[in-house]
Structure formats: C-alpha cells, structure tokens
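Each chain is listed here by its residues.
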Number of protein chains: 2
Amino acid sequence: MSGKKKSGVDIDLGNRCSKRAYELSKLTFKNREGKSGAAMMSVDGLFSNMLQFGEERIGISSDGIGTKIELAERTGIYNTLGYDLLAMVADDLAAGGFVPANISNIIDADFLDYEIIDALMTGLKNACDECSVSISGGEIAELGPRIGGYGDNMHCNWSSTAIGVLHKNLTSPLDGSALNSGDAVLALKSDGFRSNGFSLIRKTLENRYGDYWHTEKFENSLLGEVLLTPSRIYSPFITSLMDSEIIPTSVIHITGGGIADNFSRVLKSKKLGADLNNLFEPHSIMNELMNLASIDNQFSYRYWNMGNGMLVTLNQSEAEKALKIADQMNYSAKIAGSVNSSGIISIQNAGVSYNVEE
Amino acid sequence: MSGKKKSGVDIDLGNRCSKRAYELSKLTFKNREGKSGAAMMSVDGLFSNMLQFGEERIGISSDGIGTKIELAERTGIYNTLGYDLLAMVADDLAAGGFVPANISNIIDADFLDYEIIDALMTGLKNACDECSVSISGGEIAELGPRIGGYGDNMHCNWSSTAIGVLHKNLTSPLDGSALNSGDAVLALKSDGFRSNGFSLIRKTLENRYGDYWHTEKFENSLLGEVLLTPSRIYSPFITSLMDSEIIPTSVIHITGGGIADNFSRVLKSKKLGADLNNLFEPHSIMNELMNLASIDNQFSYRYWNMGNGMLVTLNQSEAEKALKIADQMNYSAKIAGSVNSSGIISIQNAGVSYNVEE
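Let me sum up the structure you'll find in this document. In this text the structure is predicted, and so the values were computed from the model without any measurement.

Regarding the overall build of chain A
Here is step 1: Of the regular secondary structure elements, chain A holds 12 helices and 15 strands.
Here is step 2: Against the compact-globule benchmark of 21 Å for 358 residues, chain A has a radius of gyration of 20 Å, which places it among compact chains.
Here is step 3: Dimensions of chain A, computed from the C-alpha atoms along their principal axes, are close to 50 × 50 × 40 Å.
Here is step 4: Each of the 358 residues in chain A was classed as buried or not, and the buried ones make up 61%.
Here is step 5: Long-range pairs, those at least 24 residues apart, make up 81% of the contacts in chain A between residues at least 6 apart in sequence.
Here is step 6: Surface exposure of chain A reaches about 13,000 Å², of which carbon and sulfur atoms provide 45%.
Here is step 7: Averaging the coordinates of the 31 positive side-chain charges in chain A and doing the same for the 43 negative ones gives two points 7 Å apart.

Here's what the structure looks like:
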C-alpha cells in the first residue's frame, strides 16, 4: 500500500517538489565557485551539504520537527521537543561525517506564550549541552492565523539549520562510496518515534479513539506521552567513533522513508545490499499502530524507524570496538547484519526485503 | 500610540520571548569554547552571530518573510518573494560586515503545489544569482492544517538561515563600536515595504476596503501588487564598499523597529545620536497607509522603513566615493545626515526624534 494512500501525504508530489527545489539550488552553486562557501557535493541526495571556507569544510543541514509538536500541544509538555529538533539536523550532519557545532532555530507561532517559548528553548539548550552544540542564532515570528494546531494555547512550527565541520579524520563526507560487501551493520536503538511519520500516527489514532486519543492509556503511560518520547541523538557517538579512528563506511539516519529508503540511498551507487537479521525489534507502540492502521511490515519499515534510529556500516574488524564505545556512552547498539552484493535489503526479523534500485 | 495597540502584535511580549531565547542560547556558547564554531560575539543584540571555524570567521543569520507571503496568495505572484527572503538574512549579515555566501531555506506548507514551489524557488535562485549567494540546502515540510493563509491554494511560511564570511578587510564584526560623532550617514533607498510591518498593513486595508483590498487600484497598479514589491538587497553594495577599502563605521538594516530602533541599537553603546535631514521620502503607499491607519510619523518611523532600507555610517572623507560606487551599482543613495553626540535620532523631514536610550 502506498505511502500516499495511508498517510494522507502525497509522497510522489513531495519528491517532485524537493527534486525541483534541488535542481534550482544546484544552478546557484556556480555563484560561489572558488570563493568562500563553495559547494563541495559528492553525491546528490545527501541530506547535508558541504561548503568550503578556506581550509574548513563546513556541513549544513536544515529540518524541522514536523507535526510531532502536536503531541506537546496535547500533553502540555514542551521541554523535550528540543531533543527532536537537534536530532533531525545533528544526525543528518553526523550521517555525512560532520561534527555538529551550531544550531540556529526558527519558531513560527500564531501568538506568543512566554512559558511555552521558555520550555521549548530550555529543551533545546539541554539537548545542545548533551551534544556539545551551541545555539548560535534564532528567530521568533508571530504569524497569527498562518499557524494552526491543537487546542487553544499558542501553536508553533519549529525548524532549524545546523552547521558543523567535517571530522578531522575524514578527507571527504561519508556518502556510501567507501561501503564494501562484508561490512558489518551496527544498529543503534531508538527510544520511540523520532520526528517523522506522525501524519499517519495521528490519523490512525483519531480513527480509533476520536479526538482525545492522547489521553488513552498505553501500557503504563498515556498515548500522548508515549508518542512524545524525545529522539535519541546519535551524533556524539559517531564523533566518538571517528575520534577513536574508527571510520564508518556509511552512517544512515533513519528518518522518513525508514530503513528501506535511507539505507538504499547509500547502498545504491555500488549496487550493494544488506542482510539484516538482528535488528532491534520495533517498540510496542509501533506494533500497536501497525495493527490499528492495518499496515504490514513491508510498509512500516519504509515509513517508521521500527526501533532502529541509526545504522552504521564499518569494517568487521572494528565492530567490537565500536560496540564498546556505544556501551560506554550508554547507547544500545548491536551488530544487526552485514552488507552484501545482492542489491537487496533483507530484513529477516520482519520477513521483508527491498530492492535498493527502487 | 504603542506598536502593540496598532498592529495586533504584542511587541513587549515578543521582546521578552526573544530575550529569554537569547539568554538560554548564550548559556550554550560554552559548549563550543576553543572548538570549531566557537561564538565570537561582540555585542548583544547583533542580528547575525559570528562563529570561529579555524581561521574562518563565519556569520550566521536566520529570518523569514513573515506574513508578506499573503500578498503572493492574493496576487498569485510567487516568483518575487525569494528576493524578500534573501534580503532579510543577507542584509542582516551585511550589517555585521559579513559577505553572504550560502542560504538554506525551509518551506512549511499545508499541502504542496508544484507550480508554487517552482515559482518560489525560481525567485530565490534569481535573487541568489544577483547577490553571488548559493542555495546550499533546504527542506519542504507538509504540515497540513498547522499552516493557514489566504484563499484555497497551497499556503506556506518561508524562512531561511544564511551564512557568510567576515569581510577580509575587517578584523571584527561591525557593531557600532567604530562609530564617531561627525560620521556621514548614507541612506539607501528602499523599493517599498520589505518583509516587516505587514500585520498592521493588512489590518488597515481590511478595515478600509474589506476582504478584497488587494484588488483596489493604487496609482497605476493594484494594492496587492504594490505591497508585494520585492525587497532591494543591499549586501552586494556593502561588500563592494569594503572591497574598495571603504570600511563603514556601522551598517543599519532597517527592518522591524524602523530607523528609530535599528539605528539606536548601534548608536547607544557610545551614547551617540544622529541628525537626519535628507532621508529619502516615504513611498506614497506608506503615506496612504499612515492616513488610513491614523498613525503619525513618530509611530511610522519606528515601524516601517519609510523609504530607506539601509543606512551606512562612514567617515565624511569617504562619502563621495561611496556614493559613486552606489551609483555604479544602480543603488539610489544619498547623504542623509550625520552622526552627532546628542543621544537623539532627529529625523528632520518628518519632524520627529527618538532618544537612543529607549
């Protein structure tokens, strides 16, 4: 079943719009040729771009937390979304081999509530403190009825741009070109949903429970709070790996498109595949939502993170050392499988597979 | 009359929220001390912040076009807003002495329309081509009913973050510390409203003409098109000045807060003032809106650009040469007055003055 049909979002149109925006953007790269800020792209479709400033190789990445913010509006808890915001951009930078340094954020609100702004920014500050990032700029815009959301309190949309430097032990961004058949695939456990796939989640829960779905019990908590679970940020782990001279052959941030699309992006240039027989299992809320939405694994692994927020491919000989570093940093990690030459991503636990050419 | 009362936007609350966000941001600066991306702030309240990456001094600035986008929804013209978007961030960077290099943009839409995305991005591309900037990243997010606007077509909010390098002929960002009594004030003419002050504009016109105010005739055009007039981008002029070793003592981008607030920001540290007796006159649409809104000059020069989109202070001996460069680049510029030690900004044309301590 197509993503379009299930989520209410037209993924094909979204891709066409993004492609057009990128085509037009590429036409401007010549404006900085030989100057500060020259584009140093190696592959199309990398989520963070590299810019040359003198001797410095700067990565830049923009993203927002999408409709996850509705969970804050429903629960009244605003001080965790900063983790989601930083995760989206810091982990995209990390996937390119960049060490996130600074984040600039934009809050578009209908009207302002001091306490909510304070809570949002306190969360972002805490996330930045944990990841050695500084908040180097920001903007709060009051846009009145151009912004909507749930309930009567202040509503806002929150996006950001982060910049970082290419890790000193890298000569070029991680783009999959270093991948080899036989590489180990290390999986990093997610804490729950990150900041994508919420359109389908909300639609499913509203159909099942009506407008107040967030107050339904789920295990020992409420649905609203379970879904608000903040994103784990993996960039400090990737930085530590590279600091220890363990250079991943690729780093895959599992966002919209799931393991299927995001892993494909790095595997396809060398027509590689992967056998994943030991991934983390999906969180129970993900299984519950699959049941309620009547979607199968083939769809869900293309849509949600299914328990695995980041994959790291690396030489088999370095896998144990990488796991040790993860453990020291309190990340749950394990060897989830290996890269092969099949051109197919096979997820054994879920009994599904994806052609990387798609 | 207070800005709060007239515009429907609570300026005091906005300032308190921005102040709190900045306080929390400053607490994170320590996270990058001695590392790439270390904050190198010289004054609080500068709109663009400087970050140290190796030998490179990078400026970063975030902003959006606010509710000006409603004019595109009303007129169906989407390919000029890119100038407004680039102007907001490039000219904030220029005000700090940075040469804008790259822009990353975020489009938050309710749903997508390929033609509108194409027009928006084409406008941004054209603006970037004129200003030697590259579009180095972007994100298009579909947020459904979290986004609203005028009419039935796709609605979106558009924001961006730009980065640039401190001009090679500067040792530190322009922050007003180089200002001296006696400096010439050069004014750069605006082409109309930029991307601020639109809440009051829309409210005023709706009160007067009803919902279809954009279709009213104004001079030889329609109100909607007059108000959509794209922002002139001044950063290429500031770069050219510095390339010619004319180093301004300050550069003031006239955005929200008008000449009063924005000029005060750089004048106040040395308790200087300015006598402005030869500014560009307000555009006729600004006079018309002042009449319709029943606001006086005291208010309007604190709110709109009133015909002057940027002020540049510089040594009197360099003023003529600066005017010549402006003329060569097709900017309308003139000497509008001079800096003095009064602590007061006096706008002779309009018969108003402002205490810079406010």
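On we go.
As for the interface of chain A and chain B
Here is step 1: Listed per partner, the contact involves 75 residues of chain A and 75 residues of chain B.
Here is step 2: Our count for the contact surface shared by chain A and chain B stands at 6 salt bridges.
Here is step 3: For Glu73 of chain B, the salt bridge is made with Arg146 of chain A, and the minimal N-O distance between the two is 2.6 Å.
Here is step 4: Summed over the shared surface of chain A and chain B, the number is 29 residue pairs in polar contact (both at pLDDT 80 or more).

Quick word on empty space enclosed by the protein
Here is step 1: Taken as a whole, this structure holds 1 cavity of 30 Å³ or more when the rule is applied.
Here is step 2: Taken as a whole, the largest cavity holds about 30 Å³ of empty space.
Here is step 3: Tallied by class, the residues present in the lining of the largest cavity amount to 3 nonpolar, 2 polar and 1 charged.

Topic: the relation of the copies chain A and chain B
Here is step 1: In the superposition of chain A on chain B (RMSD 0.0 Å, axial shift 0.0 Å), the rotation amounts to 180 degrees. As the rotation angle and translation indicate, the two copies are arranged about a two-fold axis. For chain A, the residue whose C-alpha comes nearest the rotation axis is Ile147 of chain A, separated from it by 2.4 Å.

Considerations on the sheet that holds strand 14 (residues 344-347) of chain A
Residue and element names in this part refer to chain A.
Here is step 1: Taken in spatial order, the 7 strands make up an open sheet running 10-12-7-13-11-14-15, and their pairing is mixed. Two strands close off the open sheet at either side, each with one partner strand: strand 10 (250-253) and strand 15 (352-355). Looking at each pair of strands side by side, their axes are set apart by 20 degrees on average, direction ignored.
Here is step 2: For strand 11 (residues 273-276) and strand 13 (residues 333-340), the ladder comprises 4 bridges, and the chain directions are antiparallel. Within strand 13, the position partnered with Gly273 by the bridge is Asn340.

A few points about the side chain of Glu56 of chain A
Here is step 1: Its location among the elements puts Glu56 of chain A in strand 3 (residues 56-64).
Here is step 2: This buried residue, Glu56 of chain A, is left without a salt bridge; Arg57 of chain A holds the nearest opposite charge, at 7.3 Å.
Here is step 3: The contact partners of Glu56 of chain A, leaving out residues within four places of it in the chain, are Leu51 and Val165 of chain A together with Ser36, Phe53, Gly54, Glu55 and Glu56 of chain B.

Let's talk about the packing of aromatic side chains
Here is step 1: All told, the structure shown has 12 aromatic pairs over all chains when counted by the stated rule.
Here is step 2: Taken together, a centroid distance of 5.7 Å and an interplanar angle of 45 degrees make the contact between Phe237 of chain B and Tyr331 of chain B tilted. Taken together, the residues span a long stretch of sequence, with Phe237 of chain B in helix 8 (residues 235-243) and Tyr331 of chain B in the loop between helix 12 (319-328) and strand 13 (333-340) at a distance of 94 residues.
Here is step 3: The class of Tyr331 of chain B is buried, set by a relative accessible area of 8%.
Here is step 4: Put simply, the rings of Phe193, Phe198, Phe299, Tyr303 and Trp304 of chain A touch in pairs and so form one group of aromatic residues.
Here is step 5: A cation sits over an aromatic face here: Arg74 of chain A above Tyr150 of chain A, 3.9 Å from the ring centre.

What about the environment of Val133 of chain A?
Here is step 1: With respect to the element layout, Val133 of chain A can be found in the loop between helix 5 (114-130) and strand 5 (134-142).
Here is step 2: According to the relative accessible area criterion, Val133 of chain A is buried, its value standing at 1%.
Here is step 3: In the structure, Val133 of chain A is positioned 126 residues away from Ile259 of chain A in sequence and 27 Å away in space, judged by C-alpha atoms.
Here is step 4: In this structure Val133 of chain A touches Leu86, Pro100, Ala101, Asn102, Ile103 and Cys128 of chain A together with Thr28, Asn31 and Arg32 of chain B, once residues within four positions along its chain are discounted.

A closer look at the packing of helix 8 (residues 235-243) of chain A against helix 12 (residues 319-328) of chain A
All names here are of chain A.
Here is step 1: Running from amino to carboxyl end, helix 8 crosses helix 12 at an angle of 135 degrees, the nearest separation of the two axes being 10 Å. On the basis of their axis angle, the class for helix 8 and helix 12 is oblique. For helix 8 against helix 12, the interelement crossing comes out right-handed. Contact residues: Phe237, Ser240 and Leu241 in helix 8; Ala322, Ile325 and Ala326 in helix 12.
Here is step 2: The residue makeup of the contact of helix 8 with helix 12, split by class, is 5 nonpolar, 1 polar and no charged.

Some words on the sheet that holds strand 6 (residues 156-166) of chain B
All names here are of chain B.
Here is step 1: In spatial order, the strands read 1-2-3-6-4-5; together these 6 strands make up an open sheet with mixed pairing. Only two strands of the sheet have a single partner each, and these edge strands are strand 1 (38-39) and strand 5 (134-142).
Here is step 2: Bridge count for strand 4 (residues 98-109) against strand 6 is 11 bridges, and the pairing is antiparallel. By the bridge assignment, Ser104 is partnered in strand 6 with Thr161.

Calculation notes
- Residues numbered from 1 in each chain as written.
- Chains lettered and ligands numbered in written order.
- Predicted model: local features only at pLDDT ≥ 70, side-chain atom pairs only at ≥ 80, totals over all residues.
- Heavy atoms only, no water.
- Helix = DSSP H or I, 4+ residues; strand = E, 2+ residues; numbered from the N terminus.
- Rg over C-alpha atoms; globule rule 2.2 N^0.38 Å.
- Buried < 20%, exposed > 50% of the residue type's maximum accessible area, 1.4 Å probe, protein only.
- Contact = heavy atoms within 4.5 Å.
- Areas by Shrake-Rupley, 256 points an atom, 1.4 Å probe, with all protein chains shown as cover.
- Lys, Arg positive; Asp, Glu negative; His and termini not counted.
- Charge placed at Lys NZ, Arg CZ, Asp CG, Glu CD.
- Salt bridge = Lys/Arg side-chain N within 4 Å of Asp/Glu carboxyl O.
- Polar contact = N/O pair within 3.5 Å; in protein donor to acceptor, adjacent residues only side chain to side chain.
- 1 Å grid on protein atoms, 1.4 Å probe; cavity = no way out; pocket = protein on both sides within 12 Å on 5 of 7 lines; lining within 4 Å.
- Points joined across faces, edges and corners; volume = space filled by probe spheres on them.
- Nonpolar A, V, L, I, M, F, W, Y, C, P; charged D, E, K, R; others polar.
- Least-squares fit on C-alpha atoms with pLDDT ≥ 70 in both.
- Pairing = 2+ DSSP bridges.
- Axes fitted to C-alpha atoms, helices over the stretch in contact; angles between N-to-C directions.
- Phe/Tyr/Trp six-rings, centres within 6.5 Å; stacked < 30°, edge-to-face > 60°.
- Lys NZ or Arg CZ within 6 Å of the ring centre and 35° of its normal.
- Parallel < 35°, antiparallel > 145°, perpendicular 65-115°, else oblique.
- Left-handed = near helix turned anticlockwise from the far one by under 90°.

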